[in-house]
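# Structure assessment
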Amino acid sequence: MDASTDDLEEASIDMILTTLEVHPGGGITLNLEDSCGEHLPDSYWTAAYFDAAST
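Parameters and conventions
Residues numbered from 1 in each chain as written. Predicted model: local features only at pLDDT ≥ 70, side-chain atom pairs only at ≥ 80, totals over all residues. Heavy atoms only, no water. Helix = DSSP H or I, 4+ residues; strand = E, 2+ residues; numbered from the N terminus. pLDDT = per-residue confidence, 0-100. Polar contact = N/O pair within 3.5 Å; in protein donor to acceptor, adjacent residues only side chain to side chain. Contact = heavy atoms within 4.5 Å. Buried < 20%, exposed > 50% of the residue type's maximum accessible area, 1.4 Å probe, protein only. Pairing = 2+ DSSP bridges. Axes fitted to C-alpha atoms, helices over the stretch in contact; angles between N-to-C directions.

The subject of this paragraph is unusual backbone geometry. A positive phi angle, near 70 degrees, is found at Ser43, a position not held by glycine. Within the secondary structure, Ser43 is located in the loop between β2 (28-34) and β3 (46-50).

So, in structure tokens, the structure goes:
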């Protein structure tokens, strides 16, 4: 099932940045938490990794 635009907007508000990790070479990892518990199944967490070129 694809998320609607409204679902994505709501999730963007409810996801909270908990940790920012800086890696050797310039990469970063953003660790996020679902503040309301409605967007991810129990025990799931989400992170986004960006290399030094922001990809």
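Looking at the protein as a whole, its pLDDT mean stands at 88, while 98% of the residues score no less than 70. Averaged over each element, pLDDT in the protein is lowest for helix α1 (residues 5-14) (87) and highest for strand β1 (residues 15-22) (94).

Quick look at the side chain of Asp34 now. If you trace the backbone, Asp34 turns up in strand β2. A polar side-chain atom of Asp34 sits 3.1 Å from the main-chain amide nitrogen of Glu38. Excluding anything up to four places from it in sequence, Asp34 contacts Asp14, Met15, His39 and Leu40.

Here the focus is the side chain of Thr29. Structurally, Thr29 is set in strand β2. Judged by relative accessible area, which is 11%, Thr29 ranks as buried. Not counting chain neighbours up to four residues away, the residues in contact with Thr29 comprise Thr19, Leu20, Glu21, His23, Ala47, Ala48 and Tyr49.

What follows covers the sheet that holds β1. In spatial order, the strands read β1-β2-β3; together these three strands make up an open sheet with antiparallel pairing. Whereas interior strands pair on both sides, the edge strands pair on one side only; in this sheet they are β1 and β3. Between one strand and the next, the sheet's axes are offset by a mean angle of 20 degrees, whatever the strand orientation. With seven bridges joining them, β1 and β2 adopt antiparallel strand pairing. Residue pairing across strands places Met15 opposite Asp34, the latter belonging to β2. Strands β1 and β2 of the sheet are contacted by α1, whose axis makes an angle of about 60 degrees with β1.

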